Amino acid sequence: MSRFGNIGHRLYTGEVSFDFVGRRRLWTIISGVILVAAILGLTVRGLNLGIEFKGGEIYTITKPGVTIAQAQKAANELTGDSAAIVQKANTSNGQEILVQISSTEKIDPTKGQDGLSKSLGLSTQQINTQSLSASWGHDISQKALEGLVVFMVLVTLYLAFAFEWRLAVGALVALLHDLVITVGVYALVGFEVTSGTVIGFLTILGYSLYDTVVVFDGLKSATNKLTKQNKLTYSDAANASLNSTLVRSINTSVLALLPVAALLFIGGGLLGAGVLNDISLALFVGLTAGAYSSICVATPMVAWLQEKRPEYIELARKVKQRRAAEAKAAAEGRTLDEETPQSEVSVPAPTGGPRNQPVNRSRSERRSTGRR
Amino acid sequence: MASPKSRPRDGYPGRALSLTLAIMVALVGIMIGTGHTTPRLGIDLAGGTSVTLKATSSDKNAINPANMAIASEIMSQRVNGTGVTESTTQVQGSDEIVVNVPKGTSSTELATELAQTAKLYFRPVLAEQQQIDASALPKSSPSASSNGGAKPSGAASPSASSSEKPKASAPGASASPSASKTQGDALSQDLKAGSSASAHPSASTSAKASAAATGTAKAAATPSAAPTSGTVSGQTAGTVPAALQSEFNAIDCTTKHGRDVAQVTANRAKETDQVVSCSSDATSNTWTKYALDKVAVDGTSISKAQSNLSTQTGQWEVDLSFNSHGAGQFANITGQLTKNQPPANEFAIQLDGLVQSSPSVNEAITGGQATISGSFDQASASQLANVLSYGSLPLDFQTQEVVTVSPELGGSQLDAGLIAGLIGLILVVVYSLVYYRGLGLVAVASLLVSAILTWSLMSLLGGAIGFALNLPAVCGAIVAIGITADSFVVYFERVRDELREGATLRPAVRNAWPRARRTILVSDFVSFLAAAVLYFFTVGKVQGFAFTLGLTTLLDLVVVFLFTKPLMTLLARRKFFNSGHPWSGLSPERLGVRNPLRDSRNSRRPVPTAGKEA
């Protein structure tokens, strides 16, 4: 806990600060490598689709004392080969054994239940059956995909309306980036894709964007009246805004990850395989990617797009001129008058009206810089 | 310090807080008042069987809400017909029906039963026999031997008992025509202004009643037919074809097993086969066994069926119309049947191998419009109409998913979910407290309010719209802890930003709000949009998850607006926070004011205030 607090505190006080936007190339390389690995994993290894996508039956044996070997033997007798997948899962009521038999084996569920119960010496009551048609997983992912497309269109429109299209593009790229990485991790590691995983993938949508939107909100106000000055390029302003909201971004990400981690390690650890585990695993990977992408992908992407706009090209030119002048002036040993407080201006006056409230004397002691 | 006049600029925190409190008290009050104190649990948590069926059809337009609703109704009847209580059947998405049976055990059988294609046929009746489940009658033979009184001799020997029982029930059958739905229906042409229409029901009902009476009277004379202990068979009316004779004799319609056997055999039979079939329902423990001819009219020839209250007789009846093909077939068959003697003048409406109704035919019906009248009440009329409508549904159902969860497994899943949720919550609370100290308490209180609202709303929705908490929904709720906490972070960080810029706490809290509010609204909107899209585009588990996520996102807004913000405003007036106590989370030291790096941070800030003061 204190470790989190420490990191947060150091970031908070500005001890740690990063040039996110300027290291665009680094992020591109990192993301590029991960994305290539993810896509390679997807195309070469493919996803390890669960039985929900292949169709078949899952028999859950709740009787304690049945070992995996016994269950595997019984399942093999039933199918005539060793294609059945036998897993162990821990529940609060002890252990249970999951036997998955693919529909290609053409074992009738009732027959399977009877067969297993006979060879294991159990009553059929002690075996739960879950039977899935091959089209079920396909259908649910089909619908999920439709939902994904609709969501992306809607959210792009919304972001284009609430911010502007370049930010919407940045957010969309970050989102796709997260999704591809998450799916890629699944392909590379070989985690089984189940309906829970699909739910997890879909939730990444909301979360990845939540983070990005929080960052963009700061970015928008930071670059509001940027063209009115000539000290900062868009990238500089974007980076400054990123740093000033970094604590917030990290805190929101950490707080979002904590319950998910609890689900993953505690819920999943207690239960073994299960829906909780599947959802939280996908979420955990996706959220981590999301935290990275909202800072290192979305904003640099937006900065790159914005820098192509004529007004910001013009701004960059002016800033360059000014800096050259400053450098020259510095070389000549004099300073530019107005330079002192504004040399690094990044964040314009916060909204919320003019702050003309009376300033308390006692408080002014804190504001050492203001008096210096 | 800000002057007291700035108070309206703070809003009215007291009012907002009391509103929140009122909402909470109201919700919890309703919750306790209505008795829905816990959320309804889904099958995967409470245990039970869930069968998902998907409609398929060659005709895409046939999969429409109206047809799905009828199909769902039929499914529900099929499940309830198996003696299951508390089952729920609902249409999910556009083309799926989910049947949830709590704590059922014979899941696979149920699934097969549900998924079978419903076949509705009109078959002429060749012969019928009434069978009485004597064991279900109050005075059954085992105890009757010690009984004196009215039926002393009846119980003494099998022959006597079988002669007694039909007598006992015969008055019931004839005296209460309203109960004999299966037998007492008559069919007539749909004549809008014919006085004959009203004449038919009564005529046929009485005819049937007398037929039943004679049947049982004969049964009394032939005391042989009682091979099994509890079953008493009446005499066979009509002629059973030789090919069916042994099967007809063997089947016992009074037992579930017997009916199942008959149903399976009947379902397996071709349309051109003659079959033995049982009535789907008993009337005063009297089941009817039929020998049926080959299919005369296929149920898909029905274009429409509906129940209505006859304006002439004041009784419930079922109107049905056939398409042109069916109308021709129906005219043929009714023309033939009307010449026959009872019971061969009846045709059986056979659904899924069970006879739903066997009205007698009074005349040839040529117009493709028919009315089944008789002893219906509203429920039985609409049930029959549904059955007939179902026959006109060109829908097949495929089992998509069968999930059986034992209550123990469900319980352990719920436990694991709750433990994970609790630990997640504790982690978030600890993080908030360590990082935000005093402010963390605000976050914890807000989370608590949020938790209470979520729980009570979920419980109430369980009662109101049948919202069932399943495992993905629990996941959604746990994940939502993060989202809710995020809103506080956004707000707190804004307040601290303001403080870093040199504002005192009260203005900081006030000025931070508009921007924090904007951020929270925008990001919650995106979150809600994701949940809404998921809800409308997906089904089943994903939908449950999306619903929870959407609900908690909305509640997050409510909590932040009506609780966190007013609470902050109030706390900003307290000395503990206002003076920047080290544990308030708002202390200058914690904000890094004394830190050398603070200079660079601050210098990046705009000058206005600093300029004025300097």
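Fair warning: this is a prediction, and the values are worked out from it, not measured in the lab.

J.: Looking at this structure, I do not really get the overall build of chain A. What am I missing?
T.: What chain A contains, in helices and strands, is 15 helices and six strands. Per-residue burial over chain A gives 53% buried out of 372 residues. Summed over all atoms, the accessible surface of chain A reaches about 16,100 Å², with 59% contributed by carbon and sulfur.

J.: How should I be thinking about helix α12 (residues 310–331) of chain A in this particular structure?
T.: Helical periodicity: at 3.6 residues per turn, an α-helix aligns residues three or four positions apart in one direction. Residue and element names in this part refer to chain A. The terminal C-alpha atoms of α12, which comprises 22 residues, lie 31 Å apart, in line with the 32 Å expected from a rise of 1.5 Å per residue. Among all positions in α12, only Tyr312, Leu315, Val319, Arg322 and Ala329 are buried. Each buried residue of α12 lies within a common arc of 95° when the element is viewed along its axis, so the set occupies one face. In α12, those exposed residues whose orientation departs by more than 90 degrees from the buried face are Pro310, Lys320, Lys328 and Ala331. Backbone geometry just downstream of α12 places Gly333 in the positive-phi region, at approximately 85°.

J.: Please explain the pairing of strand β9 (residues 275–279) of chain B as it appears in this structure.
T.: Looking down a regular strand, the side chains alternate between one sheet face and the other. Residues and elements named next belong to chain B. Counted residue by residue, β9 has five buried out of five residues, so it is predominantly covered. Pairing between β9 and strand β10 (residues 286–292): four bridges, direction antiparallel. Paired with Cys278 across the strands is Lys289, a residue of β10. Of the strand pairs in this sheet, β9 and strand β15 (residues 354–357) are connected by two bridges, and their pairing is parallel. Across the sheet, residue Ser279 finds its bridge partner in β15, namely Val355.

J.: For this particular structure, what's the right way to read the nonpolar core?
T.: Soluble, globular proteins show a tendency: their nonpolar side chains are buried together. Counting residues in hydrophobic clusters, the biggest one holds 134 residues, and the most contacted among them are A:Phe151, A:Phe216, A:Tyr234, B:Tyr491, B:Phe492 and B:Val495. For this core, the leading source of residues is helix α14 (residues 471–500) of chain B, giving 16 residues. In contact with A:Tyr234, other than residues within four places in its own chain, are A:Leu167, A:Leu219, A:Thr223, A:Leu226, A:Val302, A:Ala303, A:Gln306, A:Glu307, A:Tyr312 and A:Leu315.

J.: For this particular structure, what's the right way to read the confidence of the model for chain A?
T.: It should be kept in mind that the predicted coordinates are not to be read in detail where pLDDT is low. All names here are of chain A. A residue-level look at chain A finds 74% of positions with pLDDT of 70 or above and a mean pLDDT of 73. Segment residues 1–6: pLDDT under 50, and seven contacts once partners within four positions in sequence are set aside and those in other chains are kept. Between residues 338–355, whose pLDDT stays under 50, and residues either more than four places distant or in other chains, the model counts 36 contacts.

J.: Help me understand the confidence of the model for chain B in this model?
T.: Residues and elements named next belong to chain B. In this model, chain B carries an average pLDDT of 69, and 69% of its residues clear a pLDDT of 70 or more. Long-range and interchain partners of residues 1–7, a stretch whose pLDDT sits below 50, account for five contacts in this model, where long-range means more than four residues apart. In the model, residues 138–185 has pLDDT below 50 throughout and makes 70 contacts with residues more than four positions away in sequence or in other chains. Reported confidences for the modelled complex are a pTM of 0.63 and an ipTM of 0.72.

J.: Would you explain the pattern of salt bridges in this entry?
T.: For side chains of opposite charge, pairing can occur when their charged atoms come near one another. Per the counting criterion, the structure on display carries six salt bridges over all chains. A salt bridge links A:Asp217 to B:Arg518; the shortest N-O distance between them is 2.5 Å. Of the two residues, A:Asp217 is situated in helix α8 (residues 195–222) and B:Arg518 in helix α15 (residues 505–537); the pairing between them involves two chains. You can call B:Arg518 partly exposed: its relative accessible area is 33%. In this structure, A:Arg322 engages A:Glu326 in a salt bridge whose closest nitrogen and oxygen atoms are separated by 2.8 Å. In this pair, A:Arg322 and A:Glu326 both sit in helix α12, four residues apart, roughly one turn of the helix.

J.: I would appreciate a short explanation of the packing of aromatic side chains in the present structure.
T.: Between two aromatic rings, the relevant description is the distance of the centres plus the angle of the planes. Residues and elements named next belong to chain B. A complete count under the given rule lists 13 aromatic pairs over all chains for this structure. The interplanar angle of 75° and the centroid separation of 5.2 Å between the aromatic rings of Trp513 and Phe561 together place this pair among those described as edge-to-face. With Trp513 in helix α15 and Phe561 in helix α16 (residues 540–571), this pair connects stretches of sequence that are 48 residues apart. Among the residues examined, Trp513 registers a relative accessible area of 7% and is labelled buried. Its relative accessible area of 28% is what places Phe561 among the partly exposed residues. Plain terms: the ring middles of Tyr535 and Phe536 are 5.4 Å apart, the flat faces sit at 90° to each other, and that makes the pair edge-to-face.

What counts and how
Residues numbered from 1 in each chain as written. Chains lettered and ligands numbered in written order. Predicted model: local features only at pLDDT ≥ 70, side-chain atom pairs only at ≥ 80, totals over all residues. Heavy atoms only, no water. Helix = DSSP H or I, 4+ residues; strand = E, 2+ residues; numbered from the N terminus. Buried < 20%, exposed > 50% of the residue type's maximum accessible area, 1.4 Å probe, protein only. Areas by Shrake-Rupley, 256 points an atom, 1.4 Å probe, with all protein chains shown as cover. Expected span 1.5 Å × (residues − 1). Arc of directions from axis to C-beta. Pairing = 2+ DSSP bridges. Core = buried A, V, L, I, M, F, W, Y, C linked by side-chain atoms within 4.5 Å. Contact = heavy atoms within 4.5 Å. pLDDT = per-residue confidence, 0-100. Salt bridge = Lys/Arg side-chain N within 4 Å of Asp/Glu carboxyl O. Phe/Tyr/Trp six-rings, centres within 6.5 Å; stacked < 30°, edge-to-face > 60°.

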